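Listed below, chain by chain, are the residues.
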Amino acid sequence: MKKLTWLWVFLLVFVLSSEVMGTTITFWTMNYGDTASQTKMLDELTADFKNKTGIEVKYEIVNWSQAFNKYMLISGGGPGPDCADMYWAYTFSTMGQGKYGPMDISSELKRYGGRRGLEKRWYAPSLQDVFFGDKWYGFPWRIDIRITAYRADWMKEIGMSRAPNTWNELVLFGQKLTKRDPSGKVIRWGVGIDGKNPQTFYSWLWQAGGEFLTPDNKKSAINSPAGKEALQFLVDLIHKYKICPPDCIDPGFNLTAAFKAGLIGILPSGVGAGFKREIERTAPQLLGKVAGAIPLKNKKRITFQGAGYFGILHGVKDKEAALKWLEYLTQDDVQIRYSKVSETLSPLKNVNKDPYFAEDWWYKACIASLPYGRTSQHQTPAWTQITNPEPTGIIYDMLQDALSGRKSVEEALATAEKRMNEVLSKY
Amino acid sequence: MKSERYFAYIMVAPAVVSILILSLYPIIQGIRLSFFDYTLINPSKPFVGPENYLNVLRDPRFWKALYNTVAFSILSVFFSTLLGLVVALLLNSKLPLKGFLRSLTLLPWVIPSIVIAYTWVWLLNREFSPFNEILLSLNLIKGPISFLGDLNIRIGPVTLPFISVLTVRIWTSYTFKAINFLAALQTIPEELYEAATIDGANSWQKFRYITFPSLIPVGAVVVTLSLIWNISHFDYNYLMTKGGPSDATNVLGTFIYQTAFSTFKLGYASAIGVLMLSISAIFGVIYMGLVLRETL
């Protein structure tokens, strides 16, 4: 009898303490900008959210170097948070097979006025990454648009007051910017590309009018006249015009480090919004000498744009509470602060109207490039395999083969097409 | 007597259970997966029998990785053993600051591999490399060299990125050999050298007939262990070049990682892993034989 009484007391205390403690949700985000500032901001935001809703948010900052493996494990059934800052919705949701990983929250779409309702607040291209077929996975919160960075002071040296506007101008400006010492050794390169990053190729292919996949995302479309033109152009920058460092495929090559060291003049579609703070922190001597510009035009003016989103994960204990947290995070005023601290550009239209972004020398160029942005994701889980930035990644191998001269442009494209079709045939 | 035996079983049980969970289970699971077409992003997981193995054996990238693994292993073990032996002989001689030099020798072994790898990546960077500065100032090269990227500079079939990564692997692994050889050298009785001196033996003859034979047992174990470690090596090849450029430094360890986590083909990666395990097992058996011969 005494034991039973104790049991009742224990249960009562447990229930009461749960009531007093309220709901707790867990949230993961990757590291952005200065981690100390990010931690301070998250502490303040979670405290403010708790004051307003009574919901406690326990957050964890996941280092980008571990993010992929962590989300892959979660999508395979491993333990994860209730909601998170995520990416690659197509791949991770396919891995999770509707049981693990990113959760389809389409049933909640009505309360935001459907996709059209979201489009009133978000830039439409950013929403492409969170809709997979008729499924909706979350709220985009950052845009990673790649713009052209260039040395404005060197442009003046060669009698130019602006960045190149077309591929032809890029070659012309690059030739004038490239400097050699009396022995012929290059001491300054006109143009820089990152030959070991598949994202490098996105903008060039699209600018040439090409596509990676057919409209149904079932077959490769890379081996086309546009694909050849784009890849040949990159090869020519290195080997024909000799205005781009040939070691851009070298594993030790660091594009922005070389730019900051004064070795490269133009980075076409090469850097994102965070580049400004990188310059401020690590190369302040370049402030006033570096400028940003909208992407180049060939057949089209277009540039690569990545994105990240806030989503809910399978296994969430209180979906409504998690959704409230994500709604809170994507309020315009919260996002203005979030974007400033994380040094990213927001996909929310109102956020970019804030003077901090709209009047800044660098963000201005990023915002001006947004109309030319294009999502890097294709709606197939095979996309990750195609663009993985390591050996065996299909675009990675293609760039390495062509830029090193190991294979001709035609051979490299044909191999990439064959491998892409092999991978795509499985889905 | 019986209770003593049970006590012994209880004492070794934690170690046995740990080995079963941490080593044997993953191995069995890996072998099982190698018979399935298991990819992380494909819902079905059909049994394919030996198909993964047949595909691996038809895959030119596997053969390239295997070739690199064997070449790296042989060259790395050979040169690091040679260097380790020379350093051990030097440290065993009457050198000033011997204690300091011994500590210095340990450095490559105690620094975390990620620190070593990234330091070397910068040291070998085309634009910032001090080696390029030295070579240029000596007029030995016309322009800066991309040590980790230039596939056109080669010695026979061995490319410059291969040599660069190999150098780092030798530099980080000779210490283990040097320490082992040094320990073995200190067990050789001084009387043997004194007797040889009386018999009129010169330095080379002392090394040939006393030092070298005394080092063979330790050397055999060290070389076998090194071969096992080298066959499954991953760190420096991945951290410095990710196996590139164009697979020039891709070894089985990095190839398995890429296959499993870049292309998500876990079944295929498991098949490569099983093949790598089989190769390592050969040296494992040799090692066990050597150890048993020593102890019995």
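Given the structure is predicted, the values throughout are model-derived calculations rather than measurements.

## Details of the overall build of chain B
Looking only at helices and strands, chain B has twelve helices and two strands in total. Principal axes of the C-alpha set define a box for chain B whose edges measure 80 × 75 × 30 Å. Within chain B, the fraction of its 296 residues that count as buried is 44%. Long-range contacts, defined here as pairs at least 24 residues apart, represent 64% of the contacts in chain B between residues at least 6 apart. Accessible surface, chain B: about 16,100 Å² in total, of which carbon and sulfur atoms supply 71%. Of the charged side chains in chain B, 20 are positive and 14 negative; the average position of the first set lies 4 Å away from that of the second.

## With respect to the interface of chain A and chain B
Each partner contributes to the interface: chain A provides 37 residues, whereas chain B provides 35 residues. Taking both partners together, chain A and chain B bury about 2,900 Å²; carbon and sulfur atoms supply 56% of that area. The largest contributions to the chain A side of the interface with chain B come from A:Pro251, A:Glu390 and A:Thr392, which together make up 18% of the buried area. Run the count over chain A and chain B and you get two salt bridges. Remark: the boundary between chain A and chain B carries seven residue pairs in polar contact (both at pLDDT 80 or more).

## Observations regarding the side chain of A:Asn388
Here A:Asn388 is to be found in the loop between α17 (383-387) and α18 (394-404). With near-sequence residues (within four places) excluded, A:Asn388 lies in contact with A:Pro198, A:Gly393, A:Tyr396, B:Phe261 and B:Ser262.

## A short note on the sheet that holds strand β10 (residues 264-271) of chain A
Each strand in a sheet pairs with its neighbour through backbone hydrogen bonds, running either in the same direction (parallel) or in the opposite one (antiparallel). All names here are of chain A. Ordered by their spatial adjacency, five strands build an open sheet running β8-β9-β10-β7-β11, and the pairing between neighbours is mixed. The sheet is open, and its two borders are formed by β8 (179-180) and β11 (290-293), each paired with just one other strand. The sheet contact formed by β8 and strand β9 (residues 186-191) spans two bridges and is antiparallel. Looking at β9, one finds that Arg-180 is bridged to Val-186.

## With respect to the pattern of salt bridges
Scanning the entire structure with this criterion turns up 34 salt bridges over all chains. We note a salt bridge from B:Lys242 to A:Glu390, for which the minimum N-O separation is 3.8 Å. Within this pair, whereas B:Lys242 is found in the loop between α10 (235-241) and α11 (252-261), its partner A:Glu390 is found in the loop between α17 and α18, the two belonging to separate chains. A relative accessible area of 30% means that B:Lys242 is categorised as partly exposed. For A:Asp397, the salt bridge goes to B:Arg61, with nearest N and O atoms at 2.6 Å. Within this pair, whereas A:Asp397 is found in helix α18, its partner B:Arg61 is found in helix α3 (residues 60-92), the two belonging to separate chains.

## Regarding helix α5 (residues 113-123) of chain B
Residues and elements named next belong to chain B. Along α5, the residues that are buried comprise Ile-116, Ala-117, Trp-120 and Val-121. Projected down its long axis, α5 carries its buried residues within an arc of 135 degrees, all on one side. Considering only its buried residues, α5 is in contact with α4 (98-110), α6 (130-137), α7 (160-185) and α10.

## Some details on the domain arrangement of chain A
Residue and element names in this part refer to chain A. Domain assignment breaks chain A into domain 1 (23-144 + 306-373) and domain 2 (147-304 + 378-425). The C-alpha centroid of domain 2 is placed 29 Å from the C-alpha centroid of domain 1. Facing the 28 residues of domain 1 at the interface are 27 residues of domain 2. Among the residues domain 1 hides against domain 2, the three largest losses belong to Trp-361, Trp-362 and Tyr-372. Together they make up 33% of the total. Taken together, domain 1 and domain 2 are joined by three salt bridges. Applying the counting criterion to the domain 1 and domain 2 interface returns seven residue pairs in polar contact (both at pLDDT 80 or more). Secondary structure elements with two or more residues in the side of domain 1 that touches domain 2: α4 (89-96), β4 (131-132) and α16 (361-369). Counting residues per element, the side of domain 1 that touches domain 2 draws most heavily on α16, which supplies seven residues. Of the residues that constitute the side of domain 1 that touches domain 2, the class distribution is 14 nonpolar, nine polar and five charged.

## Here we look at the packing of aromatic side chains
Residue and element names in this part refer to chain A. As enumerated under the stated definition, the model contains 59 aromatic pairs over all chains in all. Judged by centre distance (6.4 Å) and plane angle (25 degrees), the ring pair of Phe-131 and Trp-136 falls under stacked. Grouping residues by exposure puts Phe-131 and Trp-136 together as buried. Taken together, a centroid distance of 5.1 Å and an interplanar angle of 65 degrees make the contact between Phe-357 and Tyr-363 edge-to-face. Here the two residues Phe-357 and Tyr-363 agree in accessibility, since each one is buried.

Criteria and thresholds
- Residues numbered from 1 in each chain as written.
- Chains lettered and ligands numbered in written order.
- Predicted model: local features only at pLDDT ≥ 70, side-chain atom pairs only at ≥ 80, totals over all residues.
- Heavy atoms only, no water.
- Helix = DSSP H or I, 4+ residues; strand = E, 2+ residues; numbered from the N terminus.
- Buried < 20%, exposed > 50% of the residue type's maximum accessible area, 1.4 Å probe, protein only.
- Contact = heavy atoms within 4.5 Å.
- Areas by Shrake-Rupley, 256 points an atom, 1.4 Å probe, with all protein chains shown as cover.
- Lys, Arg positive; Asp, Glu negative; His and termini not counted.
- Charge placed at Lys NZ, Arg CZ, Asp CG, Glu CD.
- Buried area = accessible area lost by both parts, 1.4 Å probe.
- Salt bridge = Lys/Arg side-chain N within 4 Å of Asp/Glu carboxyl O.
- Polar contact = N/O pair within 3.5 Å; in protein donor to acceptor, adjacent residues only side chain to side chain.
- Pairing = 2+ DSSP bridges.
- Arc of directions from axis to C-beta.
- Domains from an automatic or database assignment.
- Nonpolar A, V, L, I, M, F, W, Y, C, P; charged D, E, K, R; others polar.
- Phe/Tyr/Trp six-rings, centres within 6.5 Å; stacked < 30°, edge-to-face > 60°.

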